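Analysis of the macromolecular model
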Amino acid sequence: MPMSRFQCSIRFVFLATFGYCLFGTPAQGAPIPVILDTDIGDDIDDTWALAMLLGMPELDLKLIVTDYGNTPERTRLVAKILQRAGRTDIPIGTGIKTGDEPLAQRRWVGDFDLAAYPGKIHTDGVAALIEAIDSQPAMITLITIGPVPNIKEALRRNPRIAEKARIVCTGGRIYKGFENGGKPTADWNVRADAASWQAMVAAPWTITTSPLDASEELVLRGKSYATVAESQHPLARIVIENYNLWTHRKGYPKDASSILFDTAAVYLAHSEEYARIETRSLIVNDQGHTLISPNGKNIRCQLEWKDRQAFDAFLVQTLTASPRPERGAKPELVQEVLASKRQEARVSWWGFDPSDSTAYLQKAIDSKVKRLILDRQASPWITRPLTGVSNQEIVFEAGVELVAMEGAFLAKSDCLLSFRECDNVVLRGDRSDAGKSGLIRMRKQDYQSAPYEKSEWRHGVVFLGCRNVLVQDVTIEKTGGDGIYLGAGSNKTPNRKVTIRRVDCNANHRQGISVITAEDLLIEECRLRNTDGTDPKAGIDFEPNVPTDSLVNCVLRRCVAESNAGTGFQICPQFLTSQSKPISIHLEECVSRGNRQHAIHLCGNPKDPPVGQLRITKFLAEKDGMAGLSVQFNPYDGVRIDLEDSTFRDCAAAESFFPPLYVQGLDTPGRPAGNLHLKKLTVKDDRDRPILKIRDRKGNGIKDITGEIILERNGHSKSIVIDHAWLERMCE
């Protein structure tokens, strides 16, 4: 006789579950495939449960689906947890959104950028859940630890999922009230969406639940809690950091957890050894009560614990002593690199450690492989100081972060990545997929106080006497010195043929970029911003240390210096002399905006000024705190300054000393200030004041200042032809 559809379903369930013993242990010891459906982000117990699950090799987590309330924010929380745990291989599904309430764990989530998350995120979490169940060849365990609108919708779309899954959940109250006495009230997980629980209970799958009768006892205290709180294991750190930043943390003892209801369901998905399970016939009424009824569904209920201490020990072990995720080291490929059989390698072939990858990074660099890819991991590459080599291209995958290790860089001159007298170096981000540029980040705030000795030299990237260098498409931020430092080699050799392109130097301590010595330098389309910490605090500073340093053929093109505490573009050859190589610097189509000091500042040697040329074309200075152009100690026969086709807008608007243009002469007798040539310079300045100030304290006079200025003031425009009489009026 043909079997009925119901009989077929029963037979399928029986065959699919045949390999399981006691509803938990799979045949032949294989991990149990599970899906987690969670309303994580409100009560902290979901976070403990997820971390516990990640620490259990007995369970194979196929998917996490966020459920109920503000599910997109719950997804962001899950993603950050997985990234911190090194488990971005686990896909996430965003479930049905039923509200916009902020999470009680929002402080820990912070500004975590979901767009940069490397793992898979399904926008339709219900569809992902159905697919995850259907794709399994045998029975899968669906762990639900919250309200279950996702489950109701999944059953509506595909009722047959109940034939291929079993439910293990946290929910309901059978006998006990919240304080172990009185009439049981409706459990939140059920009453928040009673209709969804009714649909789940009505489906023909096996359900095992841990009602509050047993799960409300789950609190870690004493040594158990201290072991987790003091552990440095990634899972322990995740739960304790979340717990300490949880909105409701102050309502619980400092030396104990809150009630960890949901950890019970995770445990029951694996084993029932420490639990007492009894079957009860239950219904869910419209108010969310779970009631014993002869007309109800037979549900396996954990009513108490056989061995709570053993459970606590198991939970602590998962968070503090579970194996850490395999980081994918590939020693066989490393050997091929070392044997010169491969010209391209990934740093992760050497290994990855979320707390300190210095050894892996340095070994990968020292392999001298031609092209080295810093590949994206679940968390940043944490490092101590690194040293680069010649003839190597280092490529940051989109979104990769190389981050200074906390507590390292104690020496004053410790820099994150240094190249000394190297040739043919490329350091670039890969943005082919329109992803975020690679990030190099240090810990500027740490270096500004004990135990760090005060210093200006904890730079991000350093080149000393290097040749043929390209730095491109990276962000360098929060260094203890400069974002990029270009200094001399051991034999006073300058850097030669260096290109820095589309680099964002942000919030560094001393400068965005410092150029001590360079020949044939091109810096283009870079952002130099928010420098603040120690003087000069400039966007970029050309500042040789000795007369033998060089500033030859240095071009800045389409660069923006903004919001720096010092000057935007600073040129200070104060240690060069008339016998040094003539400087040649060109600022082309650059912008200075909102810097607290000058837009451009040239400061020569007051005793023996250097010679050369500073050419400024198509430059825009706007809303800088001081002058658009400030020139100090540059005589008529010193550096020639050409300022062409440029605009100074609202510079020094609130400044009492500096006007838009400022010139200060030498104190040495007989050397007039000058050699400044203006062509098509527009100055927008609505204050009634001279737009040029010439400070001539020694009465040396001025010589060879030429050109024309278009002054725009209060809606009117006039042309000022620079002549001797006008210059005399500008003298102080």
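Residues numbered from 1 in each chain as written. Predicted model: local features only at pLDDT ≥ 70, side-chain atom pairs only at ≥ 80, totals over all residues. Heavy atoms only, no water.

The helix and strand inventory of the protein stands at 17 helices and 46 strands. Against the 2.2 N^0.38 benchmark of 27 Å for 732 residues, the protein shows a C-alpha radius of gyration of 34 Å, more extended than a compact globule. A principal-axis box enclosing the C-alpha atoms of the protein has dimensions of 115 × 65 × 55 Å. Counting all 732 residues of the protein, 59% fall into the buried class. Summarising the internal contacts of the protein: among those between residues at least 6 apart in sequence, 79% fall at separations of at least 24. (Helix = DSSP H or I, 4+ residues; strand = E, 2+ residues; numbered from the N terminus. Rg over C-alpha atoms; globule rule 2.2 N^0.38 Å. Buried < 20%, exposed > 50% of the residue type's maximum accessible area, 1.4 Å probe, protein only. Contact = heavy atoms within 4.5 Å.)

Under the counting rule described, the total for this entry stands at 18 aromatic pairs. Seen in terms of ring centroids, Tyr-68 and Trp-188 are 5.9 Å apart; in terms of plane orientation they differ by 80°. Their pairing is edge-to-face. Of this pair, Tyr-68 sits in the loop between strand 4 (59-66) and helix 3 (71-85) while Trp-188 sits in helix 7 (residues 188-191), and the two are 120 residues apart along the sequence. Owing to a relative accessible area of 18%, Tyr-68 belongs among the buried residues under this scheme. A relative accessible area of 39% places Trp-188 in the partly exposed class. With a centroid separation of 5.6 Å and an interplanar angle of 70°, the aromatic rings of Tyr-267 and Phe-314 are classed as edge-to-face. One end of the pair, Tyr-267, is in helix 12 (residues 263-270); the other, Phe-314, is in helix 13 (residues 308-320), and 47 residues separate them in sequence. Assigned by exposure class, Tyr-267 and Phe-314 land together as buried. Linked through ring pairs, Trp-48, Tyr-225, Tyr-243, Trp-246 and Tyr-252 together constitute an aromatic cluster. Above the plane of the ring of Phe-657 lies Lys-693, whose end atom (NZ or CZ) is 3.7 Å from the centre. (Phe/Tyr/Trp six-rings, centres within 6.5 Å; stacked < 30°, edge-to-face > 60°. Lys NZ or Arg CZ within 6 Å of the ring centre and 35° of its normal.)

It is worth spelling out the sheet that holds strand 40 (residues 629-632) at this point. Strand order in the open sheet formed by eleven strands is 16-19-22-25-28-31-34-37-40-42-44, with parallel pairing between adjacent strands. Both outer strands of the open sheet, strand 16 (386-387) and strand 44 (692-695), are each paired with one neighbouring strand and no more. (Pairing = 2+ DSSP bridges.)

Time to look at the confidence of the model for the protein. The predicted model of the protein has a mean per-residue pLDDT of 90, with 93% of residues at 70 or higher. Low confidence marks residues 1-28, where pLDDT is under 50. Its contacts with residues over four positions away, or in another chain, come to 32 contacts. (pLDDT = per-residue confidence, 0-100.)

The final tally for this structure, using the stated rule, is zero disulfides. Among the cysteines around Cys-301, which has no disulfide bond, Cys-169 carries the closest sulfur, lying 8.6 Å off. Not part of a disulfide, Cys-731 finds its nearest cysteine sulfur in Cys-603, a span of 19 Å. (Disulfide = S-S within 2.5 Å.)

Moving on to the pattern of salt bridges. Taken as a whole, this structure holds 51 salt bridges when the rule is applied. One salt bridge in this structure joins Asp-482 and Arg-510, with 2.7 Å as the shortest N-O distance. Of this pair, Asp-482 sits in strand 25 (residues 482-487) while Arg-510 sits in the loop between strand 27 (504-506) and strand 28 (511-515); the two residues are 28 residues apart in sequence, bridging distant segments of the chain. Residue Asp-482 is classed as buried on the basis of its relative accessible area, which comes to 0%. Connected via shared salt-bridge partners are Arg-501, Glu-524, Glu-525, Arg-557, Arg-558 and Glu-588. (Salt bridge = Lys/Arg side-chain N within 4 Å of Asp/Glu carboxyl O.)

The subject of this paragraph is the sheet that holds strand 12 (residues 297-305). Here ten strands make up an open sheet; going across it, the order is 6-5-4-3-7-8-9-12-10-11 and the pairing mixed. With partners counted over all chains shown, the strands left at the sheet margins are strand 6 (121-122) and strand 11 (290-292), one partner each. In terms of strand pairing, strand 4 meets strand 5 (residues 92-94) through three bridges, oriented parallel. In the sheet register, Thr-66 faces strand 5, and the bridge partner there is Thr-94. Sitting on the sheet, helix 5 (residues 125-134) touches strand 3 (32-38), strand 4, strand 5, strand 6, strand 7 (140-144) and strand 8 (165-170), and the angle it makes with strand 4 is about 155°. (Axes fitted to C-alpha atoms, helices over the stretch in contact; angles between N-to-C directions.)

Here the focus is the side chain of Thr-682. Position of Thr-682 among the secondary structure elements: in strand 43 (residues 673-684). Excluding residues within four positions of it along the chain, Thr-682 makes contact with Ser-646, Thr-647, Phe-648, Ile-710 and Glu-712.

Moving on to helix 14 (residues 331-338). By the burial criterion, the buried members of helix 14 are Leu-333, Val-334 and Val-337. Down the axis of helix 14, the buried set is contained in an arc of 105°. They therefore lie on one face. Exposed residues on helix 14 whose side chains face more than 90 degrees from its buried face are Pro-331 and Gln-335. Of the residues one or two after helix 14, Ser-340 is the one with positive phi, at around 65°. (Arc of directions from axis to C-beta.)

Quick look at unusual backbone geometry now. The omega torsion across Ala-450 and Pro-451 is 5°, close enough to zero to call that bond cis. Relative to the assigned elements, Pro-451 resides in the loop between helix 16 (444-447) and strand 22 (461-464). Omega for the peptide link from Asp-535 to Pro-536 comes to 10°, which places this bond in the cis form. In this fold, Pro-536 is placed in the loop between strand 30 (527-529) and strand 31 (538-542).

In this section: the packing of helix 12 against helix 13. The contact between helix 12 and helix 13 brings their axes to 12 Å, and the two run at 90°. One way to sum up the angle between helix 12 and helix 13 is to call them roughly perpendicular. Residue-level inspection shows Thr-263, Ala-264, Tyr-267 and His-270 of helix 12 in contact with helix 13, the latter providing Phe-311, Phe-314 and Leu-315. For the contact of helix 12 with helix 13, a count of residues per class yields five nonpolar, two polar and no charged. (Parallel < 35°, antiparallel > 145°, perpendicular 65-115°, else oblique. Nonpolar A, V, L, I, M, F, W, Y, C, P; charged D, E, K, R; others polar.)

The residue Leu-692 is located in strand 44 in this model. Look at Leu-692 and you get buried, because its relative accessible area is 5%. Along the backbone, Leu-692 and Cys-731 are 39 residues apart, and their C-alpha atoms lie at a distance of 8.5 Å. Not counting residues up to four positions away in its chain, the partners in contact with Leu-692 are Pro-659, Leu-661, Tyr-662, Val-663, Trp-726, Leu-727 and Met-730.

This part covers helix 8 (residues 194-202). Of all the positions in helix 8, only Ala-194, Ser-196, Trp-197, Met-200 and Val-201 are classed as buried. One side of helix 8 carries all its buried residues, which in axial view fall inside an arc of 160°.

Okay, the environment of Met-139 next. Structurally, Met-139 can be placed in the loop between helix 5 and strand 7. Classification of Met-139 by relative accessible area gives buried; the value is 2%. As a C-alpha pair, Met-139 and Ala-165 span 26 residues in sequence and 5.3 Å in three-dimensional space.

One can find Asp-642 in strand 41 (residues 639-649). When near neighbours in sequence (up to four residues on either side) are disregarded, Asp-642 contacts Gln-613, Leu-614, Arg-615, Ile-616 and His-677.

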